[in-house]
Amino acid sequence: MHSLYEIETTIKRSSRAKGLSWGVSEEAGKAVRVLEQSKFQGLESFKRLIDLGLTKLNKLLDVGQSDTSNLCPIHFGIFFLDQSHNKDLHRIHKFKNINEPLLILPFLTKSAKNNLLYFDFKSSDLNFTISPGDIFFIDKNVVPNNLSDFSLTISAQRKSLYDQSSWDYLYKLSLETFVEETEEKKISGAGAGLTDND
């Protein structure tokens, strides 16, 4: 199993290697880290998104844009993270389809908390609500008054929710962002330089 830092860094680098800007790649890394930390399969979801081709997906740039099919969940999430404070957006919005919707959860959760908003997501296949108090309900919006025959497991150990092959693929892809180390590049300023002062 890999640390959350390793996961975030690898997702960030592999996003960049597949054509996303460093800023968007950083947000993708943070989102997958949050999902993995929350026991969702964020890394696997991101791997499927990479397989679809990030640059082939539509970016949400405006809620009124004509083509809302084949939406990228990273750009969808960033749009609402950046724009949801705008009161003109506080209404129902309809979209055609989005790939790997799991990846929008960290963005909407952060936006709900930062802007004291509620997000209600509804489709025939998935319904969820996110509140500013980090409480969200998936599919059932009612919590029963009584539960029987249940268990509670408490652990400080996070479990891996992805295949080693997915990790290996994304890590190898992330290596494409490294600059080959040579003396000439050290002298010209690439990498850590000739002295290490930390």
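Residues numbered from 1 in each chain as written. Predicted model: local features only at pLDDT ≥ 70, side-chain atom pairs only at ≥ 80, totals over all residues. Heavy atoms only, no water.

**Q** Looking at this structure, how should I read the overall build of the chain?
**A** Within the chain one finds 7 helices and 3 strands. Counted from the first residue to the last, the chain has its helices and strands arranged as α-α-α-α-α-β-β-β-α-α. Of the roughly 12,800 Å² of accessible surface on the chain, 50% is carried by carbon and sulfur atoms. (Helix = DSSP H or I, 4+ residues; strand = E, 2+ residues; numbered from the N terminus. Areas by Shrake-Rupley, 256 points an atom, 1.4 Å probe, with all protein chains shown as cover.)

**Q** Help me out: how do you make sense of the pairing of strand β1 (residues 119-122) in this one?
**A** On any regular strand, side chains alternate: one points to one face of the sheet, the next to the other face. The pairing of β1 with strand β2 (residues 127-130) spans 4 bridges and is classified as antiparallel. For Lys122, the partnering residue across the bridge sits in β2 and is Asn127. The loop that links β1 with its antiparallel partner β2 comprises 4 residues. (Pairing = 2+ DSSP bridges.)

**Q** Mind showing me how you'd approach the packing of aromatic side chains here?
**A** Each aromatic ring pair is described using two quantities: the centre-to-centre distance and the angle formed by the ring planes. The final tally for this structure, using the stated rule, is 6 aromatic pairs. Note on Phe76 and Phe80: the rings are 5.0 Å apart at their centroids and 55° apart in plane angle, and the pair reads as tilted. Highlighted residues: Phe76 and Phe80, both in helix α4 (residues 73-83), separated by 4 residues, approximately one helical turn. Phe80 matches Phe76 in its accessibility class, with the two residues each being buried. Judged by centre distance (5.9 Å) and plane angle (20°), the ring pair of Trp167 and Tyr171 falls under stacked. Here the residue Trp167 and the residue Tyr171 both occupy positions in helix α6 (residues 164-174), the gap between them amounting to 4 residues, near one helical turn. Above the plane of the ring of Tyr169 lies Lys47, whose end atom (NZ or CZ) is 4.7 Å from the centre. (Phe/Tyr/Trp six-rings, centres within 6.5 Å; stacked < 30°, edge-to-face > 60°. Buried < 20%, exposed > 50% of the residue type's maximum accessible area, 1.4 Å probe, protein only. Lys NZ or Arg CZ within 6 Å of the ring centre and 35° of its normal.)

**Q** Sorry if this is basic, but what is going on with unusual backbone geometry here?
**A** Most peptide bonds take the trans form, and the phi angle of most residues other than glycine is negative. Positive phi outside glycine occurs at Lys39, with the angle close to 65°. For Lys39, the position within the fold is in the loop between α2 (22-37) and α3 (42-52). Relative accessible area serves as the criterion here: at 55%, Lys39 is assigned to the exposed category. The phi angle at Leu116 is positive, at roughly 55°, despite the residue not being glycine. With respect to the helices and strands, the residue Leu116 is situated in the loop between α5 (105-115) and β1.

**Q** Looking at this structure, I do not really get the nonpolar core. What am I missing?
**A** The nonpolar side chains of soluble globular proteins are, as a tendency, buried together. Ile7, Ile11, Leu43, Phe46 and Ile74 are the most contacted members of the largest nonpolar core, which totals 41 residues. When contributions to this core are tallied by element, the ones reaching two or more residues are α1 (4-17), α2, α3, α4, α5, β2 and α6. Looking at this core element by element, the count peaks at 6 residues for α4. Among residues more than four places away in sequence, those in contact with Leu43 are Ile7, Ile11, Val32, Glu36, Tyr162, Ser166, Trp167 and Leu170. (Core = buried A, V, L, I, M, F, W, Y, C linked by side-chain atoms within 4.5 Å. Contact = heavy atoms within 4.5 Å.)

**Q** Even after reading the chapter, I still don't get the layout of surface pockets, so can you show me in this structure?
**A** Here the idea is plain: a probe the size of a water molecule rolls over the atoms and shows the empty space left. Roughly 850 Å³ of volume is contained in the largest pocket. Mapped onto the lining of the largest pocket, the elements with two or more residues apiece are α4 and β1. It is β1 that contributes the most residues to the lining of the largest pocket, 4 residues altogether. When its residues are assigned to classes, the lining of the largest pocket shows 15 nonpolar, 5 polar and 6 charged. (1 Å grid on protein atoms, 1.4 Å probe; cavity = no way out; pocket = protein on both sides within 12 Å on 5 of 7 lines; lining within 4 Å. Points joined across faces, edges and corners; volume = space filled by probe spheres on them. Nonpolar A, V, L, I, M, F, W, Y, C, P; charged D, E, K, R; others polar.)

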